[in-house]
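Coordinates in review
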Amino acid sequence: MIKKSGLLAFIISSFSIHFACAQATAEYTVNETYRKALELFDSQKYASANELFRQVYTEVNSTTNSSYDPSKNTTTKVNAEYYAAVCALELNNKNAESELLSFIKTYPDNPKSKTAKFQIGKVYFKNESYTEALNWFTQVEEIDLNETDQLEYNFKLGYCYFVAKDYNKAKAHFSNVKDGANRFSEDATYYYAHIAYINKDYPTALSHLNKIKNSPKYAEIYQFYTAQIFLINGKYDDVIAFTEPIVSKGNSKYKPQLHKILGAAYFNKKNYPIAQRNFDVYLSNSAATADQTTQDTYQIGYTYYQNKEYDKAIGQLEKLIDADDAYGQYGMLTLGNAFLAKQNKLNARAAFQRGAKLTYDEGVREDCLLNYAKLAYETNFSQQGLTAAKEFVSKYPRSKNIDEAKTLLGEILLSSKNYKEALETLESVKKRKENTDLLYQKVAYYRGAEVFNARDFSYAAELFDKSLNNPVDGKIEMQALYWKAESLFELQRYDEAINTYDDFLSYPGIAGLPIYKYAYYNVGYAYFQRENYGKAADYFERYVNSTNADKKMAMDATLRIGDCNFVAKSYDKALTQYNKVIIAGAAGADYAIFQKAMIQGVQNKLNDKIYSLKSLLELYPHSSYNDDAIYESAYASFVLNNYEQAKAGFNDIIQRFPNSSYVPKAMLNIGLIYVNTEDDNNALTAYKAIVTKYPNTSESKEAVLAIKNIYVDKGNTGEFLTYAKNTPGAAISASAQDSISFEAANNVYMKGKCDESVPAFTTYINEFANGYFINDAHFNRAECLMKQKRTDEALADYQYLAAKTNKYSEKALFNTSKIYLDKKDFESAKPYLKRLESADFKANYGYAIVGLMRVSNEENNTDSTLYYANKVISFDKMPLEEINAAHLFSAKAYLTKGDTTIAVKSLGNVSSTTKSVNAAEAKYLTALIQYNKGQYKQSQKSCFEVIDNLSNHDYWVAKSFLLLADNYYKQGDNFQAKSTLQSILDNYEGSDDIIPSAKEKLAKINRSGK
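Every value quoted in this text rests on a predicted model; they were computed, and no experiment measured them. (Residues numbered from 1 in each chain as written. Predicted model: local features only at pLDDT ≥ 70, side-chain atom pairs only at ≥ 80, totals over all residues. Heavy atoms only, no water.)

Secondary structure summary: the protein contains 53 helices and zero strands in total. Computed over its C-alpha atoms, the radius of gyration of the protein comes to 55 Å, more than 25% above the 30 Å expected for a compact globule of 1010 residues. Projected onto the principal axes, the alpha-carbon positions of the protein cover approximately 215 × 70 × 55 Å. Residue pairs at least 24 apart in sequence account for 50% of intrachain contacts in the protein once pairs closer than 6 positions are excluded. Carbon together with sulfur atoms contributes 49% to the accessible area of the protein, which is approximately 50,200 Å² in total. Here the protein holds 119 positive side-chain charges and 120 negative ones, and the gap between their average locations is 3 Å. (Helix = DSSP H or I, 4+ residues; strand = E, 2+ residues; numbered from the N terminus. Rg over C-alpha atoms; globule rule 2.2 N^0.38 Å. Contact = heavy atoms within 4.5 Å. Areas by Shrake-Rupley, 256 points an atom, 1.4 Å probe, with all protein chains shown as cover. Lys, Arg positive; Asp, Glu negative; His and termini not counted. Charge placed at Lys NZ, Arg CZ, Asp CG, Glu CD.)

What the rule picks out here adds up to 84 aromatic pairs. Residues Tyr-190 and Tyr-191 carry aromatic rings whose centres are separated by 5.0 Å and whose planes lie at 65° to one another, so their mutual orientation is edge-to-face. Tyr-190 gets classed as buried once you look at its relative accessible area, which sits at 9%. Residue classification places Tyr-191 among the buried residues on the basis of a relative accessible area of 15%. A cation over an aromatic ring shows up here: Arg-349 above the ring of Phe-381, its NZ or CZ 4.0 Å from the ring centre. The ring of Tyr-518 has Lys-517 sitting right over it, with the charged end atom 5.1 Å from the ring centre. (Phe/Tyr/Trp six-rings, centres within 6.5 Å; stacked < 30°, edge-to-face > 60°. Buried < 20%, exposed > 50% of the residue type's maximum accessible area, 1.4 Å probe, protein only. Lys NZ or Arg CZ within 6 Å of the ring centre and 35° of its normal.)

Take helix 44 (residues 826–836) next. Residues spaced three or four apart along an α-helix face the same direction, because each turn holds 3.6 residues. Taken together, the buried positions of helix 44 are occupied by Phe-826, Ala-829, Tyr-832, Leu-833 and Leu-836. In an axial view of helix 44, the angular spread of the buried residues amounts to 125°, which keeps them on one side of the axis. Looking at the packing, one finds that the buried side of helix 44 touches helix 42 (791–802), helix 43 (809–822) and helix 45 (845–858). (Arc of directions from axis to C-beta.)

The subject of this paragraph is the state of the cysteines. Applying the stated criterion across every chain, the model contains one disulfide. Paired by a disulfide, Cys-754 and Cys-784 hold their sulfur atoms 2.2 Å apart. One quick way to see it: the torsion about the S-S bond of Cys-754 and Cys-784 is about -75°, and its sign makes the bridge left-handed. Taken together, the positions of Cys-754 in helix 40 (residues 754–767) and Cys-784 in helix 41 (residues 774–787) put the pair 30 residues apart, joining distant regions of the chain. (Disulfide = S-S within 2.5 Å.)

Before going further, it helps to examine the packing of helix 26 (residues 494–505) against helix 27 (residues 516–529). Helix 27 packs onto helix 26 with a crossing angle of 155° between their chain directions and a minimal axis gap of 9 Å. One way to sum up the angle between helix 26 and helix 27 is to call them roughly antiparallel. Crossing angle aside, the handedness with which helix 26 passes helix 27 is left-handed. Contact with helix 26, carried on its side by Tyr-494, Ile-498, Tyr-501, Phe-504 and Leu-505, involves Tyr-516, Ala-519, Tyr-520, Asn-522, Val-523, Ala-526, Tyr-527 and Gln-529 of helix 27 and no other residues of that element. Across the contact of helix 26 with helix 27, the residue classes break down as 11 nonpolar, two polar and no charged. (Axes fitted to C-alpha atoms, helices over the stretch in contact; angles between N-to-C directions. Parallel < 35°, antiparallel > 145°, perpendicular 65-115°, else oblique. Left-handed = near helix turned anticlockwise from the far one by under 90°. Nonpolar A, V, L, I, M, F, W, Y, C, P; charged D, E, K, R; others polar.)

Quick look at the UniProt feature "repeat: TPR" (unreviewed entry) in the protein now. Here the UniProt feature "repeat: TPR" (unreviewed entry) sits at residues 114–147, 294–327, 517–550 and 664–697. Here residues 294–327 runs as 68% helix and 0% strand, with 6 Å between its end C-alpha atoms. A distance of 9 Å separates the end C-alpha atoms of residues 517–550, which is 76% helix and 0% strand. (UniProt positions renumbered as here; feature names shortened; annotations may be inferred.)

Considering every residue of the protein, the mean pLDDT works out to 87; 92% of them sit at 70 or more. Contacts of residues 60–72 to residues separated by more than four positions or lying in other chains number 19 contacts, the stretch itself having pLDDT below 50. (pLDDT = per-residue confidence, 0-100.)

This part takes up the pattern of salt bridges. One pass over the structure, following the stated rule, counts 49 salt bridges. Here Asp-797 and Arg-781 are joined by a salt bridge, their closest N and O atoms 2.7 Å apart. Here the residue Asp-797 occupies a position in helix 42, and Arg-781 occupies one in helix 41, the gap between them amounting to 16 residues. Here Lys-818 ties to Asp-822 by a salt bridge, and the two come within 3.1 Å at their closest N and O atoms. (Salt bridge = Lys/Arg side-chain N within 4 Å of Asp/Glu carboxyl O.)

This part takes up the packing of helix 9 (residues 185–198) against helix 11 (residues 219–232). Two quantities define a packed helix pair, namely the angle between the axes and the distance from one axis to the other. Look at helix 9 against helix 11: their axes get within 12 Å of each other, and the N-to-C directions meet at 20°. With respect to helix 11, the element helix 9 is oriented roughly parallel. Where helix 9 crosses over helix 11, the handedness of that crossing is left-handed. Judged by residue contacts, Tyr-190, His-194 and Tyr-197 of helix 9 engage Ile-221, Tyr-225, Gln-228, Ile-229 and Ile-232 from helix 11. Counted by class, the contact of helix 9 with helix 11 contains six nonpolar, two polar and no charged residues.

This part covers the nonpolar core. Core analysis: the biggest nonpolar cluster contains 180 residues, and Phe-53, Phe-174 and Phe-504 have the highest contact counts within it. Of the residues forming this core, the biggest block, 10 residues, is contributed by helix 3 (residues 74–90). In contact with Phe-53, not counting residues within four places along its chain, are Tyr-34, Ala-37, Leu-38, Phe-41, Ala-80, Tyr-83, Ala-84 and Cys-87. Residues Ile-765, Leu-785, Tyr-798 and Leu-821 belong to the second largest nonpolar core, which totals 47 residues. (Core = buried A, V, L, I, M, F, W, Y, C linked by side-chain atoms within 4.5 Å.)

Helix length check: helix 33 (residues 626–639), at 14 residues, gives a terminal C-alpha distance of 20 Å against a target of 20 Å (1.5 Å per residue), a fit within 8%. When you tally the buried positions in helix 33, you get 12 out of 14 residues, the bulk of the element. Against the buried residues of helix 33 lie helix 31 (589–602), helix 32 (606–619), helix 34 (643–656) and helix 35 (662–676). Immediately beyond the C-terminal end of helix 33, within one or two residues, lies Asn-641, with a positive phi of roughly 65°. (Expected span 1.5 Å × (residues − 1).)

Before going further, it helps to examine the environment of Ala-777. Examined against the element boundaries, Ala-777 turns out to sit in helix 41. Each C-alpha atom of the pair Ala-777 and Arg-354 lies 72 Å from the other, and the pair is 423 residues apart in sequence. Residue contacts for Ala-777: discarding those within four places in its chain leaves Phe-742, Phe-761, Tyr-764 and Ile-765.

Another point: the layout of surface pockets. Quantified by volume, the second largest pocket comes out at close to 1,600 Å³. Every residue lining the second largest pocket is counted, 40 residues in all, and those nearest its centre are Gln-383, Thr-387, Phe-961, Ser-983 and Asn-987. When residues of the lining of the second largest pocket are traced back to their parent elements, those giving at least two are helix 18 (345–357), helix 19 (362–378), helix 20 (382–395), helix 50 (936–949), helix 51 (954–970) and helix 52 (974–987). No other element matches the eight residues that helix 20 contributes to the lining of the second largest pocket. Among the residues forming the lining of the second largest pocket, the class breakdown is 17 nonpolar, 15 polar and eight charged. (1 Å grid on protein atoms, 1.4 Å probe; cavity = no way out; pocket = protein on both sides within 12 Å on 5 of 7 lines; lining within 4 Å. Points joined across faces, edges and corners; volume = space filled by probe spheres on them.)

Another point: the environment of Leu-795. As for its position among the elements, Leu-795 is in helix 42. Expressed as a C-alpha distance, the spacing of Leu-795 and Ala-782, which sit 13 residues apart in the sequence, is 7.3 Å. With near-sequence residues (within four places) excluded, Leu-795 lies in contact with Thr-816, Ile-819 and Tyr-820.

Notably, Lys-417 is not glycine yet its phi reads approximately 65°, a positive angle. Located in the positive-phi region is Asn-604, a residue other than glycine, with phi close to 65°. Secondary-structure assignment places Asn-604 in the loop between helix 31 and helix 32.

Once that is clear, we can look at the side chain of Ser-113. By secondary structure assignment, the location of Ser-113 is in helix 5 (residues 111–126). When its relative accessible area of 3% is taken as the criterion, Ser-113 is described as buried. A polar contact is formed between the side chain of Ser-113 and the backbone oxygen of Tyr-107, at a distance of 2.2 Å. Once residues lying within four places of it in the same chain are set aside, the contact partners of Ser-113 are Phe-103, Ile-104, Tyr-107 and Pro-108. (Polar contact = N/O pair within 3.5 Å; in protein donor to acceptor, adjacent residues only side chain to side chain.)

Locating Arg-560 in the fold gives a position in helix 29 (residues 551–567). Dropping the residues within four chain positions of it, Arg-560 is found in contact with Tyr-525, Phe-528, Phe-540 and Tyr-591.

Structure below.
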């Protein structure tokens, strides 16, 4: 019999054994599933492994025994959950990453949490999502991985950094892998070498490439990079020795690139034929040329150029047109030369222009800029050539080609008629060649002519001398001699002028020049001015007898021959010459009649004289010799005792020409007529009028003496003394003191000591306000004050003298008007100019009408402007530049009146005869008229005529550019309009209205939105 307690023990024991067996069976099942799952995982059968792993951690009980507690096998469950998530990643399941993230969050302290991040990174790496892979790898600490994973970690992290171009970090990780014998070492060694190559650490790159040279995977890459490194290091012989055996076998996939490297090696050894053979092989492989660099293109193009295969060279080098690096710049220089070899200057110019804009190699840039300047000039882009040549001279003052550049700049400036700057440029050339000497000769001559036309004769003579010192072109030399002589003549250096004219006339072949015959005329005038009337007449006759002599000048020369005979008292010969002019009715015929009358007077043919003078007055009622004719006719009548006729003539002078110097003489003669007819009372009245109106003149002194004689003859000496005492200018007693005081001041003045003479004259003027020498004192003081640039003080003296008739009247009127004109006080200048215009002041008549023309223009008085402009144009001895100014003022006046037809004609008269500032303004106004008429093409052409032919007048060139922009705008070419205005804003340096106008016009175009 079994005891109850024993039975209970047996039951408990049996239950325990059964439970233990059940538990063991369950654990065995879990572990077996887990083990199979791991085997499948290691075999990369992730779908099946995933299913088993999930069974491990999701089934609550792996057996039928419900008493099994899976929590006791937590490690296996956690691991299964981890691997299931990894499998999901490998299978690219959408929720895989969230499962791993959930795992990491649930088991933050589990070692598998750290490897989970590594696993995520590996999957992204496998899918080539290197940025995401890098993000996960960097969250893993290498120490948390086993040794095998550490190798994989370092390689893959290094590769991610490599892809991200973070080469320093990539290099560090590859370094941890490359030296061991593992599955990543070969790849790591290659990338390590590659990074060294990128960093230009070529020794390191070569040493590591050598480690993989026998690798099936990297052998050809090793060959390529080794050859490339030899090339980079300049070991061209090593390149050839290493590479040629490889390409000869012909089995490398890098064969085209190796041929390129070989070509580059031979290129650097200047063996261009062999270089070309290799480059040709490279170029035949379109896939290989996909990575062609600008350096490759340049070397290939240059090789073709050296082998004279210019079309191929151009085909390669044109690829570098947009390249912005040193090889692009080298390529443009070679491309330009290749185009030149093909006689294509336009494209060569464009290539050199591009090369000159790049800044990588100053030597190449220098060559390109000079060549661009040359070709721009040669292809008629003169303005661009000018800009480029100026830039070269400014930027490369120490260049070996500086003299060549300056010569080119001088030539361009000469072609654009900017002689001033051309001369300055050529004078800075240190080593001149024959072509430079010829250019300098021309520029100095043309600049001299330009300065001559501006009436700066002293500087013109210097410039003509400079031209003559470089006698390369005989024709230029002849002309320089002629115009030097003209300059000396204008400077009144007549002896030097005569000698220079003689040199000109003795020059071989001179007879072919149009100016040849004018030399006779000018030499005649030079001798005439030197009062060598015999020589003067000889040369005037040579001119008159020369072939095709100008009729007007021949008549003038005839007059001068007459004058020479007149001075020599060969009156009959003189009359012959004067009669030629009178019969011809030529300019100066009025003067000829007057001179004829003077001869008749000398010959005592007074009635004939009176008749001749009468004919002068009838034939030439507006002659400037009319006052002379009336006076001489009256005086002849006086001599013939025809007192009434004489008196009528003298009174005519007084009434018609009140400002004439003949008036006091006429009054004196009227007084003498009264004396001769014993009419003392009228004689006294006439004489006293002279003393009152013309005190301190020689006529006044004669009148005082005559008054004294009349009173003395009457026995009224006391009355005379009273008159003398109370009449200014008639006092006698103070004359000695007057004379001494003036003489003291005048002596200092004659020595040129203005600082002393001015106060001395002032003292005289204060003490002898009506002194005998008062006019002399005022004039001499004014002259000194002008020398001291004390213009306002001098003005007062000139005004004093201009207020009355005296020997200084004309000079005073001239200087007073000039001072006011210089001050632009036109209103004040006007009355003085009007007086100078009168017939009495012949020497300054031309000056007066020019001044009145300018005053009228400033006053916007169109009728008066036209009146005086016509006078200027008609005046025989008017300088050409003043005539041009008159045409310009006429044009402006007609424009104001709205008569554009006549205005255009007047403007044409200016622009066709000169290159002065007047021509520039005239041509601009022509363009403006055309623009206002809607003739945009014609206006555009006129603008370019200013820009190209009158470029030294900056203001009018700029105005023409503004008008050119308006023309472009009207024609719908807004791009050109804006470019033109921007060019003005970038380059114009004046402080006038140009820049504001350009800004306003540009803003208007921009506002238009076109």
